[in-house]
Amino acid sequence: SLEGSPQRTKPEGCAGGSSIACEMRVTATCVFSLANAAQVTSNPISKVLQLLGELRGKVVAEGEAEQESYEEFTKWCKDESKQKAFEIADGQEQVESLSATIEKAAAAISDLDAKIEKLTKSVNQAESDLSAATDVRHNEHQDYLAVDKELVEAIDTLGRAIGVLEKVFKKGSSLIQAMKSPEMQQLTSSLSVIIDATVFETKDKKRVAALLQAKEDAQDGDEPEEEGSHGSILDLLGDMLDKAETQKAEADKAEMTARFEYEKLKQSLTGQIAFDNKQLDAARKGLATQQEVKATAEGDLQGTQKELAADIKYDSETHDECEEKAEEWNTSMHERAQEIEALDTATKIIKEKTGGAESQAYGFLQMQTVRRDYSAVLAQISAAGASGKDKKLSALAVRVKAALASSADPFAKVKGLIRDMLERISEKAKADAKEHEWCTKTTAETEAKQDDHESEIAALTSKADKAKSAIAKANQRIATLEAELGELSRMQADMDKARTEAHANYLESKQDYEAGIEGVQTAIKVLKDYYGQSFLQQPSVSSHSASEGGASGIIGLLEVAESDFSKLLAETEADERAAQADYEAQTKANEISKAEKKTSLKYKRKAQAETEKVLEDLKSDRDSEQSELDAVLDYYSGIKKRCVAQPEPYEERKRRRDEEIAGLKNALQILEGDAIGFLAVKQVHRHRA
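Everything numeric in this text was worked out from a predicted model, so none of it was measured.

## Notes on the overall build of the protein chain
Item 1. In terms of regular secondary structure, the protein chain is built from twelve helices and zero strands.
Item 2. What you see in the protein chain, going N to C, is helices and strands ordered as α-α-α-α-α-α-α-α-α-α-α-α.
Item 3. Taking as baseline every contact in the protein chain between residues at least 6 positions apart, the subset at least 24 positions apart corresponds to 89%.
Item 4. When the accessible surface of the protein chain is summed, it comes to about 41200 Å², and 52% of that surface belongs to carbon and sulfur atoms.

What follows is the structure, given as structure tokens:
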């Protein structure tokens, strides 16, 4: 009975606590009082359910850890794929650029090899032609000297012979007398030379021989020739003198022409050899440079292709590995879900199907009337209900009092009350734990997503900055190439204009020199035709004498002028050939440089377009990431309002509920121990009966 029981204050721990918590603690106190000195025994069904719950929690925790690890691995796969794609694209661009460089260098090497071969043949041919021309010129000059010597001697002899004969004939002497004169005696040996000379015709030489024979006959006492033979002898010698002088003039002219042509050819060949050797040296240097460029590019290409193949292989292997891990993760998640489903099914079946058997096997049996003093328990419950003004505790006190006052089994009643209270607290604890689990998991996932998005944005920003820098450099290089192409076009136009003007000047100069040479040669011929005989014979009597000294000086100056004009013409032609060759070589070099720059410009523009496309993709990806990050931050703000803004921390609530649940479970175990002990005693009595 509660009447007369001493009034007690609210139990320690109820002040400021919830009514459910206070009710639980008071109920636990009541149970401890009822189960005083009871023996503790385990319930196997409860133990199985506990183990199933623990196993399920372990499986779920492992799944969450595996999920977190897989998400990190997935992010790594994505990052690696993007990075390798960028590296592969860059490697492919380098391979294309190096291949183009090798192709251009190979073409340049082929052209230079052909040019070197052509120049070498040209130099060898020019040197051979010069050597042959020198030999021919030497032989021609030797022949000229021999002929000139004969002609000079013949002209001198004939001139003196004519002079002697004319002088003798004027005195009225006969031919025999003339031939016996001392002067003719001195010329006899010289006239004999004329007979052996190759420059006179045979009939003329026979007549001279006949003249000499007449001299011999006169010495032997033969009759002298008639006077009529005087004229024929003088005509013969005069005709021979004219022929000798004509041949001398022709030989001199031929020698001068041959010498001029040789000097002209020599100047041309020498200039050609010098120019070709200069071009040959430049071609060899260019060949060495292009070979070095090609070898360097081939080495770089080999390394780049090797790195590209490694990147492609790594990307393929990484993709396969990521796909394999994804399949393994899907399989693991499926198997884990099946395991959790099996555990939940087993738990449900045990709870639904073993409730009655558990109550029959492990429930409290009807006990004989046990008299205990429950005044302290009822006083504690009443005091807790009165001080806390908690209707639930008051109602609990009434129900406990009714159970204790009943003649029925008090353990079953109290046990039911405890189980009801335990179920209520457990449900509340589960809901709170589930909410905390959701908050913890969702917060961690959201923060991880926030970190992922922020890291991805930072990486995309860094890549975008690099792409912008690459585009800026490409723009600068493109502008430089365009400026260089423009400068090449302007330089080529200036070269074309300068070459056209120089060629026109060359044609004008060539025409002037050729006209000057022709005029000088004509003047020399006119002067020699007039003064030639005066130079070669000395008339004894004359009313007019040609200005031989002045004419000789003029002809000499004209010959100097002719030589100068010829030399200048040869130099001008050599300069024209050299200038034309330089122009063609520079034009070819400009064309090669222009082609190289155009090719480089093409690849630069292509690379720039690809980089701009990459930049647009990076910007789009970054905007998408930023949108996702903004959504994550908004969602995170809602999570904080739901999970963080609580009057009491979850850890404190959990600690308190764990203590309450542990106490109730302990009380149930104690009560179940008393009941099992009583059941054992009861069954022993039954067997004895």
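## Some words on the nonpolar core
Item 1. Counting 14 residues, the largest nonpolar core has Leu158, Leu237 and Leu241 as the members making the most contacts within it.
Item 2. Among the elements of the structure, helix H2 (44-170) and helix H6 (229-353) are those that each provide at least two residues to this core.

## Observations regarding the pattern of salt bridges
Item 1. Enumeration according to the criterion identifies 21 salt bridges in this entry.
Item 2. Close ionic contact of Asp79 with Lys75 constitutes a salt bridge, the shortest N to O distance being 3.0 Å. Here Asp79 and its partner Lys75 are both found in helix H2, four residues apart, which amounts to about one turn of the helix.
Item 3. According to the relative accessible area criterion, Asp79 is partly exposed, its value standing at 26%.

## Structural notes on the state of the cysteines
Item 1. On inspection of all chains with the given rule, the structure shows one disulfide.
Item 2. The side chain of Cys77 participates in a disulfide bridge whose partner is Cys322; the two sulfur atoms lie 1.9 Å from each other. Its torsion about the S-S bond being -95°, the disulfide of Cys77 and Cys322 is classed as left-handed. A residue pair is termed long-range when its members are at least 10 positions apart, and Cys77 in helix H2 and Cys322 in helix H6 qualify at 245 residues.
Item 3. On the basis of relative accessible area, Cys77 is assigned to the buried category, the value being 11%.

## With respect to a negative patch on the surface
Item 1. The grouping of Glu68, Glu71, Glu72, Glu447, Asp451, Asp452 and Glu454 at the surface amounts to a negative patch.
Item 2. Of all the elements in the fold, those that place two or more residues in the negative patch are H2 and helix H10 (410-536).
Item 3. For the negative patch, the element with the highest residue contribution is H10, accounting for four residues.
Item 4. Its location among the elements puts Glu71 in helix H2.

## Considering the environment of Asp512
Item 1. One can find Asp512 in helix H10.
Item 2. According to the relative accessible area criterion, Asp512 is partly exposed, its value standing at 49%.
Item 3. Taking the C-alpha atoms as reference points, Asp512 and Phe565, separated by 53 residues in sequence, lie 9.2 Å from one another.

## Things to note about the environment of Lys640
Item 1. In this fold, Lys640 is placed in helix H11 (residues 548-643).
Item 2. Lys640 gets classed as partly exposed once you look at its relative accessible area, which sits at 41%.
Item 3. C-alpha separation for the pair Lys640 and Thr443, spaced 197 residues apart in sequence, amounts to 8.2 Å.

## Description of the packing of aromatic side chains
Item 1. This structure, assessed with the given rule, holds three aromatic pairs.
Item 2. Where Phe73 meets Trp76, the ring centres are 5.7 Å apart and the plane angle is 25°; that geometry is what we call stacked. Remark: Trp76 and Phe73 occur in helix H2; sequence separation between them is three residues, near one turn of the helix.
Item 3. By relative accessible area, which is 34% here, Trp76 ends up partly exposed.
Item 4. Ring geometry for Tyr513 against Phe565: centres 6.5 Å apart, planes inclined by 40°, an arrangement best described as tilted. You can see Tyr513 sitting in helix H10 and its partner Phe565 sitting in helix H11, a full 52 residues away along the chain.
Item 5. On the basis of relative accessible area, Phe565 is assigned to the partly exposed category, the value being 27%.

## Section: the side chain of Asp311
Item 1. Among the secondary structure elements, Asp311 is positioned in helix H6.
Item 2. Excluding anything up to four places from it in sequence, Asp311 contacts Lys84, Glu87 and Ile88.

## A word on the confidence of the model for the protein chain
Item 1. Summarising the model, the protein chain shows a mean pLDDT of 75, and 66% of its residues fall at 70 or more.
Item 2. Under a pLDDT of 50 for its full length, residues 533-549 has, in the predicted model, 16 contacts with residues more than four places off or in other chains.
Item 3. Ignoring residues within four places in sequence, the model shows residues 674-689, a span with pLDDT below 50, making 16 contacts including any to other chains.

Conventions and cut-offs
Residues numbered from 1 in each chain as written. Predicted model: local features only at pLDDT ≥ 70, side-chain atom pairs only at ≥ 80, totals over all residues. Heavy atoms only, no water. Helix = DSSP H or I, 4+ residues; strand = E, 2+ residues; numbered from the N terminus. Contact = heavy atoms within 4.5 Å. Areas by Shrake-Rupley, 256 points an atom, 1.4 Å probe, with all protein chains shown as cover. Core = buried A, V, L, I, M, F, W, Y, C linked by side-chain atoms within 4.5 Å. Buried < 20%, exposed > 50% of the residue type's maximum accessible area, 1.4 Å probe, protein only. Salt bridge = Lys/Arg side-chain N within 4 Å of Asp/Glu carboxyl O. Disulfide = S-S within 2.5 Å. Patch = residues over 30% accessible without salt bridge, like charges linked within 9 Å, V, L, I, M, F, W, Y side chains within 5 Å. Lys, Arg positive; Asp, Glu negative; His and termini not counted. Charge placed at Lys NZ, Arg CZ, Asp CG, Glu CD. Phe/Tyr/Trp six-rings, centres within 6.5 Å; stacked < 30°, edge-to-face > 60°. pLDDT = per-residue confidence, 0-100.

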